[in-house]
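# Remarks on the overall topology
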Amino acid sequence: MSNLANAPANALAAKEARDKSFRKKGILIALLSGFLYGGYTAFMTHGMESGVWIDFYGATGIAKGLSAFALIYTLSALGAAVNDLCSAVWSLIYAAIIGRLGDFKRSLRTKPGRILIIAAIIGGPFASTCYVIGLQMAGSIIVPIAALNAAIGAIIGRFLYKQKLSAGMILGIVICFCAAVLIGSTGMTGLSFDGKAVLGMAAAFLAALGWGIEGAVGGYACCIVDYEVAIVIRQCTSGIVNAVILVSILSIMGGDGIGTGFRLLGAALTDGPSIWMFFIAGMFASFSFKFWYKGASMCGAALGMGCNGTYAFWGPFWCFIVIGLVFGVDGYAIPWQGWVGALIMVVGIVILAISQDKATKEA
């Protein structure tokens, strides 16, 4: 009789334990997404400093006569396009290996699939290009501004999906942002807050807005569409829109003509010294964005994006390892602010996780 009386309590305890385990797994997946994003950043950055890209930025060879507009905006979009196309190839290959290509085709005709396409356009062609433009115009100081995507995603999750946002969770987000500011502060050395730098920081905020929307919406869609399928939709959409539409529009806006964008794209895709680095970057990006979506769907927009925000540290770390140590390029050593910022970010994520756990129990 006592066993029957305790049955509801035992069932509730089992459910709480299962939910806690599910959230922990989501946190680990979201943290892994930030770590892998660092690898994507490093290999794409070095790819855009190698091979034909040297000619692009020097306005020599096929890039001779490029406008000043193209040297900043068109080439930024081109780098994002090449990376996303390579990432789309990786995603399609992996989906074929695990037998999910049929699900990919079917999902495109569903409402969640269409939501993912819209999220991909906002987070890919729009936000990623804004991020690269920000880096080009203002340097690493834009990293903490871009890291505002966690706060934006949390706010969106609160209003659209009624996800709880307690005072502790807000504190965790603020701590993570402060850590990102500390990490990015190294980029303020010698920085002149002229019009170019201000535009770069504005571009970074637009990137944060785009990624905040994508993270919240994409994470929600992954509750319905399997994340292995969602990443194929995301990367294919982003790669095609970036390469075919955005690069063309920017080429026209810069007065270089639509043909210039396609010539640059063709040269970048067939350039041996750099394309292999984009393929590696694409692999990292594929898994990073996939785990970003999955983590946010498992532990909520606020915590998932807070964990993903560790890319503010992992980006410079991977650049130091890959570009600085492996390829021997100077200027990528991590100063003390980076290490201290990483520790502060861990504190913020722990506070986020504890606060969300309490909020879940009180619900």
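Source: prediction; values computed, not measured.

In terms of regular secondary structure, the chain is built from 15 helices and zero strands. If you line up the chain on its principal axes, its C-alpha atoms span 85 × 50 × 35 Å. Put simply, of all contacts in the chain between residues at least 6 apart along the chain, 87% involve residues at least 24 apart. If you sum the accessible surface of the chain, you get close to 15,600 Å²; carbon and sulfur atoms cover 71% of it.

All right, on to the packing of helix α9 (residues 195-221) against helix α12 (residues 272-299) then. Orientation of α9 relative to α12, taken along the N-to-C sense of each, is 65°, at an axis distance of 8 Å. As α9 runs across α12, the sense of the crossing is right-handed. In contact with W211, E214, G215, G218 and G219 of α9, α12 contributes W292, Y293, A296 and S297. Across the contact of α9 with α12, the residue classes break down as four nonpolar, four polar and one charged.

Moving on, we get to helix α3 (residues 68-97). Between its first and last C-alpha atoms α3 spans 44 Å; for 30 residues at 1.5 Å apiece the expected length is 44 Å, and the two agree. At T74, α3 is deflected by roughly 30°, the largest bend along its length. The positive-phi residue at the C-terminal boundary of α3 is G99, with phi of around 75°.

The final tally for this structure, using the stated rule, is five salt bridges. Among the salt bridges present, the one from E214 reaches R234, with a minimum N-O distance of 2.7 Å. In this pair, E214 is assigned in helix α9 and R234 in helix α10 (residues 227-253), connecting sequence segments 20 residues apart. R234 sits in the buried class, given a relative accessible area of 0%. Linking E228 and K290 is a salt bridge whose minimum nitrogen-to-oxygen distance equals 3.0 Å. With a gap of 62 residues between them, E228 in helix α10 and K290 in helix α12 connect regions that are remote in the sequence. This pair shows no difference in class: E228 is buried, exactly as K290 is. Linked through salt bridges whose partners overlap, the residues forming this network are R100, D103, R106 and D226.

Let's shift gears to the environment of I122. Inspection of the secondary structure assignment puts I122 in helix α5 (residues 111-138). Those residues in contact with I122, other than ones at most four positions away along the chain, are A127, G210 and I213.

On to the environment of C222, then. Of note, C222 is situated in the loop between α9 and α10. Note: C-alpha distance between C222 and S297 (75 residues apart in sequence) is 6.1 Å. Once you skip the residues sitting within four places of it in the chain, C222 turns out to touch Y227, A230, Y293 and S297.

Here the focus is the packing of aromatic side chains. In the structure shown here, the tally under the stated rule is 25 aromatic pairs. Consider the rings of W211 and Y311, whose centres lie 6.4 Å apart with planes at 75°: the pair is edge-to-face. Here the residue W211 occupies a position in helix α9, and Y311 occupies one in helix α14 (residues 311-326), the gap between them amounting to 100 residues. Accessibility assignment for this pair places W211 and Y311 in one class, buried. Among the aromatic residues, those joined into a ring-pair cluster are F35, F43, F284, F313, W314, F317, W318 and W339.

A surface patch of nonpolar side chains, about 740 Å² in accessible area, is lined by I240, V244, I245, I249, I252, M253, I258 and F262. Going through the elements one at a time, α10 and α11 (258-269) are the ones with two or more residues in the nonpolar patch. Counting residues per element, the nonpolar patch draws most heavily on α10, at six residues. Counting through the fold element by element, I258 comes out in helix α11. Accessibility expressed as a relative area gives 45% for I258, which makes it partly exposed.

Contact pair α3 / α12: the axes reach a minimum separation of 7 Å and the direction vectors enclose 65°. Classified by the interaxial angle, the pair formed by α3 and α12 is roughly perpendicular. The handedness of the crossing between α3 and α12 comes out as right-handed. Where α3 abuts α12, its residues G79, V82, N83, C86, S87, V89, W90, S91 and Y94 lie against I275, F278, F279, A281, G282, M283, A285, S286 and K290. A class-by-class count of the residues in the contact of α3 with α12 yields eleven nonpolar, six polar and one charged.

Cut-off values and rules
- Residues numbered from 1 in each chain as written.
- Predicted model: local features only at pLDDT ≥ 70, side-chain atom pairs only at ≥ 80, totals over all residues.
- Heavy atoms only, no water.
- Helix = DSSP H or I, 4+ residues; strand = E, 2+ residues; numbered from the N terminus.
- Contact = heavy atoms within 4.5 Å.
- Areas by Shrake-Rupley, 256 points an atom, 1.4 Å probe, with all protein chains shown as cover.
- Axes fitted to C-alpha atoms, helices over the stretch in contact; angles between N-to-C directions.
- Left-handed = near helix turned anticlockwise from the far one by under 90°.
- Nonpolar A, V, L, I, M, F, W, Y, C, P; charged D, E, K, R; others polar.
- Expected span 1.5 Å × (residues − 1).
- Bend = angle between axes of the 7 residues up to and from the residue.
- Salt bridge = Lys/Arg side-chain N within 4 Å of Asp/Glu carboxyl O.
- Buried < 20%, exposed > 50% of the residue type's maximum accessible area, 1.4 Å probe, protein only.
- Phe/Tyr/Trp six-rings, centres within 6.5 Å; stacked < 30°, edge-to-face > 60°.
- Patch = residues over 30% accessible without salt bridge, like charges linked within 9 Å, V, L, I, M, F, W, Y side chains within 5 Å.
- Parallel < 35°, antiparallel > 145°, perpendicular 65-115°, else oblique.

Geometric descriptors of this kind do not, in isolation, establish any biological role.
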